[in-house]
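Here is what each chain is made of, one letter per residue.
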Amino acid sequence: MTTGRRGSHLAATVLLTVGLLAAGPASATEVRVACAANFRDAAEEIGSAFGTATGHAVTFSFGSTGQLFAQIAFGAPFDAFLAADRARAAKAVDEGLAVAGSQFTYAFGRIALFSADTGLVHGPEVLTAPRFSKLAVAEPSVAPYGQAAVEAMRELGVLGLVSDRVVRGLSVAQAYQFVRSGNAELGFVALSQIAYHAEGSRWIVPTRLHRAIRQDAVLLVRGAGNDAAKAFLAFLAGGEVLEILAKYGYGRGE
């Protein structure tokens, strides 16, 4: 996809999201959360547990961290932002979109090289073999998991070898779908997307090959008066969610 088309798609996504969410403010017991796509499964389980514990309802909107930040900047009425990196959460604070002092790390993520083919991936050496025509990677300019994949390939010395076979998804969720659907034989995905099943073949990328994927959350200005939003972030930071995080391949430390 060309840069122009990506830009047009992003603008359309921003306007559509703002339009859909602008119907009215959240109720006192409702929390609207902009959440990084890689955290979808864990977030939905955490949201369900939070609802059971408090009676509050959580509505998630998933996408790449870059796309979600753009939506927030355009005025989408989210109460909280669960980014896939530190930078965008900090930028939200710096630009007056989030409450100063509310930023914290809710999870550390991992990436994995994954294929739906059970015999394809045994380690990084598959990247140097002519056994695939397409390698799915999340767009590194907007998706921290894509950035980590590029860093890992550079460290492995294979980035130049595979560059003409890379297909980019707008988020790590889309990169994963490319692999699951067979549109790409393998791809770099979030470990959380494959941690709960044993399908296909995989290689979990050592953290030494890329910068830590530290995922930070912030309370947005629009949610500053929403006690349910504050309660959700407190729940996310607490020990109640550690088992869920581990289930999906996340940790609270590197």
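Our subject is the structure listed above.
Residues numbered from 1 in each chain as written. Predicted model: local features only at pLDDT ≥ 70, side-chain atom pairs only at ≥ 80, totals over all residues. Heavy atoms only, no water.

### Topic: the overall build of the chain
Assigned secondary structure in the chain consists of 9 helices and 10 strands. When each of the 254 residues of the chain is scored for burial, the buried share is 51%. For the chain, contacts bridging at least 24 residues in sequence account for 78% of all contacts bridging at least 6. For the chain, the exposed surface amounts to about 11,100 Å²; the carbon and sulfur share of it is 53%. (Helix = DSSP H or I, 4+ residues; strand = E, 2+ residues; numbered from the N terminus. Buried < 20%, exposed > 50% of the residue type's maximum accessible area, 1.4 Å probe, protein only. Contact = heavy atoms within 4.5 Å. Areas by Shrake-Rupley, 256 points an atom, 1.4 Å probe, with all protein chains shown as cover.)

### Here's the deal with the sheet that holds strand 8 (residues 186-190)
In space, the 5 strands of this open sheet follow the order 7-6-8-5-9, with mixed pairing throughout. Strands at the two margins of the open sheet, each flanked by one partner only, are strand 7 (166-169) and strand 9 (201-204). Strand-to-strand, the axes of this sheet are offset by a mean angle of 30 degrees, without reference to chain direction. Where strand 5 (residues 111-115) and strand 8 come together, 4 bridges link them in antiparallel fashion. Bridging across to strand 8, Ile 111 finds its partner in Ala 190. Seen against the sheet, helix 5 (residues 144-156) touches strand 5, strand 6 (135-138), strand 8 and strand 9 and runs at an angle of roughly 125 degrees to strand 6. Along the sheet face, helix 7 (residues 172-180) touches strand 5, strand 6, strand 7 and strand 8 and points at about 140 degrees away from the line of strand 8. (Pairing = 2+ DSSP bridges. Axes fitted to C-alpha atoms, helices over the stretch in contact; angles between N-to-C directions.)

### Section: the pattern of salt bridges
Using the criterion set out here, one finds 9 salt bridges in the structure. For Arg 88, the salt bridge is made with Asp 85, and the minimal N-O distance between the two is 3.0 Å. When its relative accessible area of 18% is taken as the criterion, Arg 88 is described as buried. Relative accessible area serves as the criterion here: at 12%, Asp 85 is assigned to the buried category. (Salt bridge = Lys/Arg side-chain N within 4 Å of Asp/Glu carboxyl O.)

### As for the pairing of strand 9
Alternating positions in strand 9 separate cleanly, Ser 201 and Trp 203 being buried on one face and Arg 202 and Ile 204 remaining unburied on the opposite face. Sheet analysis places strand 5 next to strand 9, joined by 4 bridges and oriented antiparallel. Counterpart to Phe 114 in the pairing with strand 9 is Arg 202.

### Structural notes on the sheet that holds strand 10 (residues 213-219)
The strand order across the open sheet built from 5 strands is 2-1-3-10-4, with neighbouring strands paired in mixed fashion. Here the strands that pair on one side only, and so sit at the sheet edges, are strand 2 (57-63) and strand 4 (104-109). Adjacent strand axes in the sheet meet at a mean angle of 20 degrees when their direction is disregarded. As defined by bridge partners, strand 1 (residues 30-36) adjoins strand 2 across 7 bridges and the pair is classed as parallel.

### A few points about the side chain of Ser 102
Turning to its location among the elements, Ser 102 is positioned in the loop between helix 4 (87-94) and strand 4. Looking at Ser 102, its side chain comes within polar contact range of the main-chain nitrogen of Leu 219, at 3.1 Å. Ignoring any residue separated from it by four or fewer positions in sequence, one finds Ser 102 in contact with Ala 217, Val 218 and Leu 219. (Polar contact = N/O pair within 3.5 Å; in protein donor to acceptor, adjacent residues only side chain to side chain.)

### As for the packing of aromatic side chains
Counted under the stated rule, the structure contains 8 aromatic pairs. Measuring from ring centre to ring centre gives 5.9 Å for Phe 114 and Tyr 176, while their planes differ by 40 degrees; the resulting arrangement is tilted. Within this pair, whereas Phe 114 is found in strand 5, its partner Tyr 176 is found in helix 7, the two being separated by 62 residues in sequence. Across this residue pair, the class does not change: Phe 114 and Tyr 176 are buried. Ring centres 6.0 Å apart and planes at 65 degrees place the aromatic pair Tyr 196 and Tyr 248 in the edge-to-face group. Pair noted here: Tyr 196 is in the loop between strand 8 and strand 9 and Tyr 248 is in the segment after helix 9 (242-247), with a separation of 52 residues, a long-range link. For Tyr 196, a relative accessible area of 43% gives the class partly exposed. (Phe/Tyr/Trp six-rings, centres within 6.5 Å; stacked < 30°, edge-to-face > 60°.)

### Examining the environment of Arg 165
Within the secondary structure, Arg 165 sits in the loop between helix 6 (159-162) and strand 7. On the basis of relative accessible area, Arg 165 is assigned to the buried category, the value being 18%. Linking Arg 165 and Ala 184, residues 19 residues apart in sequence, is a C-alpha distance of 9.4 Å. In terms of polar contacts, Arg 165 uses its side chain to reach the backbone carbonyl oxygen of Leu 161, at 3.5 Å.

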